[in-house]
Amino acid sequence: MKLFVSEGNPHCRKVLAALEVTGVQCDVHYVNHEERVVPYLSRPALPALLLPSGLHLFSSNAICRYLFEVSGTDCSELCGQWLEWEATDLQPALLQGKGSEVSKVLQGPLNYLEQSLSKGNTPYLTGDAVSVADVVLWAALYPILSDSSQALGERKCVKTWFDRGAVMHSLQSSAQKVLQGKGLQGNQCNQSNQCRDTKPCNSSPAEGEESERLVSVEEMEAAALTWSKGLNSCQSATDRQHPILPMEGKRNILLTSALPYVNNVPHLGNIIGCVLSTDVFSRYGRLRDWNVLFVCGTDEYGTATENKAREEGLTPQQICDKYHAIHASIYKWFQIDFDFFGRTTTEKQTEIAQDIFWRLHKHGFLVEDTVEQLRCENCQRFLADRFVEGICPHCSYPEARGDQCDKCGRLINAVELSEPQCKVCRQTPVIRSSKHLFLDLPKIESQLEQWLDKSTSTGDWTANAKQITRSWLRDGLKPRCITRDLKWGTPVPHPDFKEKVFYVWFDAPIGYLSITANYTDQWEKWWKNPDQVELYNFMAKDNVPFHSVVFPCSLLGAQDNYTLVSHLVATEYLNYEDSKFSKSRGVGVFGDMAKETGIPSDVWRFYLLYVRPEGQDSAFSWADMATKNNSELLNNLGNFINRAGMFVAKFFEGCVPAMELQQEDKKLLALVGWELQQYIQLMDKVKIRDALKHILNISRHGNQYIQVNEPWKKIKGGDTERQRAGTVTGVSVNIACLLSVMLYPYMPTVSQTIRDQLNAPQSCINTMLKGTGTFVCALCRGHRIGTVSPLFQKLEVDQIEALKKRFGGQQTAAQKAASTQPAAVPAPAAPAAAEVAAVNGVDPEKAKQLTQAVAEQGEKVRTLKAQKAEKAAITAEVAKLLDLKKQLALAEGKSPEPAPQKGKKK
């Protein structure tokens, strides 16, 4: 993210304070107050926050609220009321008051603040902890209340509250940055007189922009010194030795990816949300010389498998065997480098799950109860939660599942659904009673909260993981059923429940343990070793509660020194174009189809990681994939690496030339070194998508460096110019070598291809990512490179259009139109034909223009929503957007009917 601020702007003081209090990682740009940083606004708007999605927030309070939410702190209703009061009451008073009049104008707002604080009887505006409301109001009032001439009189509560903020370094620091020590004068000064160059900009450049970062002479010399050290002192990379076990003196990382359901083929959203993200971090961890074990496997028990077996005329075990092989094949093609890929239908699963069960039973954490369940008389069985659908009792979402609502995220019991339906036959189920065992979550709740406080504060939990977990705890935990009336599952060993199996969400996470146990009989060194092992769980956000609450409670209750999750990494959802993935409708790319497109798996990996839904939902787009491939991979990254290698081959007979560094070269080394440091900082925090941008920034620096120095011209000049051409070529080819290492977690085949073309020493893999980043000269003078060839191919428009059509759904527009007609009243022949002709009238040029218009209008709508604009204004802009989408659909030869509403996926 990038935050644009200017000096003397009181609203910038707010956002800088929020940034420092929350600790959110964000690049800060100091710009002139007249600079337009939001491209679609006709007037300057500061502060402005550029989000990773490309959207802008330019309401100071909205930015502050966003920063707190990203850091994992929700904005309560009371907090929202204070923000509204600040904007509608306090700010107008601050604008009216000048000089000595300020005190008089602020009497009313300060009296209200005093009354509210005295009634609340809490140290801060909304409770016992600092909230975004405190930061916003404190920053707004700082220039006035910090001036001794502005007496607070008898307002003791306001004074005490303000003094608490005054001692916070983060709030003082933000004020000084904006006011530059001018106090109240700085708040009211003319911003046009402010100096632009008081502070260097330490941000990475946006795509396609020139870097604005200032590099000091000290940084240049330090970068040159690091560069000169070379690879001499570095160890060679070593292959993994199995079994991998925790080691003394090493950082021992245990990585798990949410176990994919065996009964279906994973789509792109499943792949990026779980296994691909884990694979990237696993490869990165090995580059960092961590001791990493990456385990995963198929989740094979439950009703879903029984149903799939019935559909295909196979036994559940045969279905598991068939789809386990399909999953393994897909992940192999995507180059997912598991240390072990197992499954849950094993003896180890039964053994470990039943041991945990008996331990919970022994310690009194299991209770019996008779529960009402939904039974489908048509299908003659009790319905598992995933096979019941109805209206959510909390938010009225019409497609809530029997265990959880995908819209509000609340846990529900299937019998609580309104208008429930069996998802298999669509009949209305009936309620029947059955005796079951429950995990007594309320009894473990205090123990869970103590552990969560420590884990979420010391570990790298994503903001959504914290928020979802807090929402569960806020509502209070309830006993959770762990048994089901099914046949296909891990049998419950208790004699009174011998006809039942464990509920999949009690049983499935134990699969991590049993899969590790099938990998090595020393599995307990990983799973019963919390002091020596860090556990990372990767998943999509819908799986968070089971990994942050239910499974930890099972392990805590077992009281067997289990390793609990240290870092819970959850993505949002990846949608497909303007819809959601659907195998039955033929919408979206599924794992077994990606190979058939002819696009290399590394390109798929790159694009999925480029749009990885880290902070909000994102969407796969064929047009955007082609754009990113052609601009970022082909024209930026591939162009730089190929040119660097070709210059060595063409001008220097395949050997790296001598390099005599000048200030310009040292500056480039410093810039590249800084990008490397940012990459490492982000990857350490599992900010995989953001880290990728720094790789692309480095190749942009390299392309600009080559373009400015023109080695193809200098090689034809005298000795001095030829030497300069050699230095530029040598530095460039070494940057290419660095890029090959940084790319390895993302694009392993491309990474190896670059190193093969450069004939790079194996030790470079273990050198570049040491510590905070070590950019050394890996390819010294005289090093002979291999054969250089292009790394990427252009994705053509007709190729992409064909793929988009192929994966856009099975129904034609005419079929969709026909399906909307009532059966008893067929549509007249002539109008129907005319409708089909209109729908199929493709106009590519118009479609191109409308695509841009839809994108701009969509951005406008999202911005208004982010700023919480008036409902009428948002509604009007949404109507425009829908109209543009209809026009676009017609231009593309599609039905103008609106696409199905985006939904959340499992």
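The rules behind each value
- Residues numbered from 1 in each chain as written.
- Predicted model: local features only at pLDDT ≥ 70, side-chain atom pairs only at ≥ 80, totals over all residues.
- Heavy atoms only, no water.
- Helix = DSSP H or I, 4+ residues; strand = E, 2+ residues; numbered from the N terminus.
- Buried < 20%, exposed > 50% of the residue type's maximum accessible area, 1.4 Å probe, protein only.
- Contact = heavy atoms within 4.5 Å.
- Areas by Shrake-Rupley, 256 points an atom, 1.4 Å probe, with all protein chains shown as cover.
- Expected span 1.5 Å × (residues − 1).
- Phe/Tyr/Trp six-rings, centres within 6.5 Å; stacked < 30°, edge-to-face > 60°.
- Pairing = 2+ DSSP bridges.
- Right-handed = clockwise from strand over helix to strand, strands pointing away.
- Axes fitted to C-alpha atoms, helices over the stretch in contact; angles between N-to-C directions.
- Parallel < 35°, antiparallel > 145°, perpendicular 65-115°, else oblique.
- Left-handed = near helix turned anticlockwise from the far one by under 90°.
- Nonpolar A, V, L, I, M, F, W, Y, C, P; charged D, E, K, R; others polar.
- Core = buried A, V, L, I, M, F, W, Y, C linked by side-chain atoms within 4.5 Å.

Undergrad: Help me understand the overall build of the chain, please; the structure alone is not making it clear to me.
TA: In terms of helices and strands, the chain carries 34 helices and 20 strands. Counting only residues that meet the buried cut, the chain has 55% of its 906 residues in that class. Across the chain, the fraction of contacts at a sequence separation of at least 24, relative to all contacts at a separation of at least 6, is 77%. When the accessible area of the chain is evaluated, it comes to approximately 39,500 Å², of which 49% is carbon and sulfur surface.

Undergrad: What should I look at first to understand helix α20 (residues 544-558) in this one?
TA: An α-helical turn contains 3.6 residues, so a residue and the one three or four places further along point in the same direction. Here α20 is 15 residues long and its end C-alpha atoms lie 21 Å apart, about the 21 Å a rise of 1.5 Å per residue gives. Burial analysis of α20 places 15 of its 15 residues in the buried class, which makes it a mostly covered element. Just downstream of α20 lies glutamine 559, where phi reads positive at about 50°.

Undergrad: Could you clarify how one ought to interpret the packing of aromatic side chains in this entry?
TA: Here the distance between the centres and the angle between the planes together describe a pair of aromatic rings. By the definition in use, this model includes 37 aromatic pairs. Taking 5.5 Å as the distance between ring centres and 75° as the angle between the ring planes, the aromatic pair formed by tryptophan 227 and phenylalanine 775 counts as edge-to-face. Of the two residues, tryptophan 227 is situated in helix α10 (residues 217-228) and phenylalanine 775 in the loop between α29 (764-767) and α30 (797-806); the sequence distance between them amounts to 548 residues. Look at tryptophan 227 and you get buried, because its relative accessible area is 6%. Given a relative accessible area of 5%, phenylalanine 775 falls into the buried group. Plain terms: the ring middles of tryptophan 622 and phenylalanine 807 are 5.9 Å apart, the flat faces sit at 20° to each other, and that makes the pair stacked. Placement of the pair is tryptophan 622 in helix α23 (residues 622-651) and phenylalanine 807 in the loop between α30 and α31 (813-819), with a sequence separation of 185 residues. Accessibility assignment for this pair places tryptophan 622 and phenylalanine 807 in one class, buried.

Undergrad: Any chance you could explain the environment of alanine 508 here in plain terms?
TA: In this structure, alanine 508 sits in the loop between α17 (504-507) and α18 (510-519). A relative accessible area of 6% places alanine 508 in the buried class. Spatially, the C-alpha atoms of alanine 508 and phenylalanine 551 are 9.3 Å apart, while their sequence positions differ by 43 residues. Excluding residues within four positions of it along the chain, alanine 508 makes contact with Leu259 and Asp299.

Undergrad: Hey, could you run me through the pairing of strand β1 (residues 2-5) in this one?
TA: Sheet faces and side chains relate simply in a regular strand, where the side chains alternate between the two faces. The alternating pattern of β1 places Lys2 and Phe4 and Leu3 and Val5 on opposite faces, both of which are buried. Here β1 pairs with strand β3 (residues 48-50) via 3 bridges, running antiparallel. Residue pairing for β3: phenylalanine 4 is matched across the bridge by alanine 48. With 4 bridges joining them, β1 and strand β2 (residues 27-30) adopt parallel strand pairing. Along β2, the bridge assignment pairs phenylalanine 4 with histidine 29. With helix α1 (residues 10-22) bridging β1 and the parallel β2, this β-α-β connection has right-handed handedness.

Undergrad: Would you mind showing me how to read the packing of α23 against helix α27 (residues 719-743) here?
TA: Between two packed helices, the angle of one axis relative to the other and the distance separating the axes together describe the packing. One can describe the packing of α23 onto α27 by two numbers: an axis separation of 9 Å at closest approach and a directional angle of 135°. Relative to α27, the element α23 lies oblique. In this structure, α23 crosses over α27, and the sense of that crossing is left-handed. Between α23 and α27, the contacting residues are Leu637, Phe640, Ile641, Ala644, Phe647 and Val648 on the first element and Thr729, Ser732, Val733, Ile735, Ala736, Leu739 and Leu743 on the second. Class assignment of the residues belonging to the contact of α23 with α27 gives a composition of 11 nonpolar, 2 polar and no charged.

Undergrad: What should I look at first to understand the nonpolar core in this one?
TA: One recurring pattern in soluble globular proteins: nonpolar side chains tend to sit buried together. With 187 residues, the main nonpolar core has Ile356, Trp604, Trp622, Tyr679 and Tyr746 as its most contacted residues. Looking at which element gives the most residues to this core, the answer is α27, with 12 residues. Among residues more than four places away in sequence, those in contact with tryptophan 604 are Leu268, Trp333, Phe334, Val589, Ala594, Thr597, Ile599, Phe620, Trp622 and Met625. The next biggest cluster of nonpolar side chains, apart from the first, holds 49 residues, and it includes Met1, Ala17, Cys79 and Ala133.

Undergrad: Would you explain unusual backbone geometry in this entry?
TA: Excluding glycine, residues mostly have negative phi values, and the peptide bonds linking residues are mostly trans. Across the junction of leucine 46 and proline 47, the peptide omega takes the value 0°, indicating a cis bond. Considering the arrangement of structural elements, one finds proline 47 in the loop between β2 and β3. Cis geometry marks the peptide bond from histidine 242 to proline 243, where omega comes out at 0°. Turning to its location among the elements, proline 243 is positioned in the loop between α10 and β5 (252-257). Phi angles above zero are rare outside glycine, and serine 396 is one such case at about 70°. Phi at glutamate 710 is positive, roughly 45°, even though this residue is not glycine. Here glutamate 710 is to be found in the loop between α25 (688-709) and α26 (711-714). Judged by its relative accessible area of 26%, glutamate 710 is partly exposed.

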